[in-house]
Every structure is written in C-alpha cells, then in structure tokens.
Amino acid sequence: MTVKNPIRLPPLKVLRVRNPDKPVANPCVAVMSSVLACWASAGIQGRGCTTVENALRACMDAPKPPKKSPNSINYHLQRLSTRLIQQGKKAKKYGNK
C-alpha cells in the first residue's frame, strides 16, 4: 500500500540537539555522604570515622579519567542547515519564483 500524500513535517527554525553530553556523576559523592553521616552520628572527633575518612582521601587523590572531547553534533547541524533549507524558502529569500 502506497501513500499518495505523505505527511510533511513543519520546517524547523533551528536544528539543535539539547544537551548531547550528559553530566558524569562524581564517584566520591557516596563516600563523602558516608563521612558526613559518620560525623553526624559520632561527632567530628569520632575515632570510628577514620576508615571512612581514609576512603574519602583515597577517592579524592585517585587520578581523574581523561576529559572526553565535547560532542560536535550541534556544530555539524548548524553547518549543514543551509543545505537542508527547503527550496521554497530559498527562492523567496532571493526573490526568485
């Protein structure tokens, strides 16, 4: 079965992908919350918190992973948008029929 009149989508003013890079969660947040909970229950000078404090220090001193290059999808969409503009809009822009 073929469709005689295909559905046409309305033209887009700007081609853009919203926030293609998702923020990466910090792995030390869970350990830090454990330290804060230990301090809240035992006090800051509590001796039972030393193992959790050392775990936090080890997590903070660990080497950070290399920074990932940013996603360039929006740059390429902007660059190619001139080729994606409908011919009717181009003709009106330049006064051609």
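Residues numbered from 1 in each chain as written. Predicted model: local features only at pLDDT ≥ 70, side-chain atom pairs only at ≥ 80, totals over all residues. Heavy atoms only, no water.

Draft legend 1. Examining the overall build of the chain more closely. Each helix and strand in the chain was counted, giving 4 helices and 0 strands. The secondary structure elements of the chain, listed N-terminal to C-terminal, are α-α-α-α. Restricting to contacts in the chain with at least 6 residues of sequence separation, those with at least 24 account for 65%. For the chain, the exposed surface amounts to about 9600 Å²; the carbon and sulfur share of it is 59%. (Helix = DSSP H or I, 4+ residues; strand = E, 2+ residues; numbered from the N terminus. Contact = heavy atoms within 4.5 Å. Areas by Shrake-Rupley, 256 points an atom, 1.4 Å probe, with all protein chains shown as cover.)

Draft legend 2. Representation of the state of the cysteines in the model. Evaluation of the coordinates by the stated rule reveals 2 disulfides. Here Cys-28 connects covalently by a disulfide to Cys-59, the sulfurs 2.0 Å from one another. Across the disulfide from Cys-28 to Cys-59, rotation about the S-S bond amounts to roughly -95°, and the bridge is consequently left-handed. With Cys-28 in the segment before helix H1 (29-42) and Cys-59 in helix H2 (residues 50-61), the pair connects residues that are 31 residues apart, well separated along the chain. Comparing Cys-28 with Cys-59 shows no difference in burial state: the two are buried. Between the sulfur of Cys-38 and that of Cys-49 lies a disulfide, 1.9 Å long from S to S. Around the S-S axis, the bridge from Cys-38 to Cys-49 shows a dihedral of about -95° and counts as left-handed. With a gap of 11 residues between them, Cys-38 in helix H1 and Cys-49 in the loop between H1 and H2 connect regions that are remote in the sequence. Once the bonded cysteines of the chain are numbered in order along the sequence, the disulfide links fall as 1-4, 2-3. (Disulfide = S-S within 2.5 Å. Buried < 20%, exposed > 50% of the residue type's maximum accessible area, 1.4 Å probe, protein only.)

Draft legend 3. Layout of H2. In this model, H2 (12 residues) spans 16 Å end to end at C-alpha, consistent with the 16 Å of a helix rising 1.5 Å per residue. Taken as a whole, H2 has its buried residues at Glu-53, Leu-56 and Cys-59. Viewed end-on, H2 has its buried residues packed into an arc of 120°, placing them on one side of the element. Those residues of H2 that are exposed and angled more than 90 degrees off the buried face are Thr-51 and Asp-61. Buried-residue contacts for H2 involve H1. (Expected span 1.5 Å × (residues − 1). Arc of directions from axis to C-beta.)

Everything listed here is a matter of coordinates, which is why it stays silent on function.
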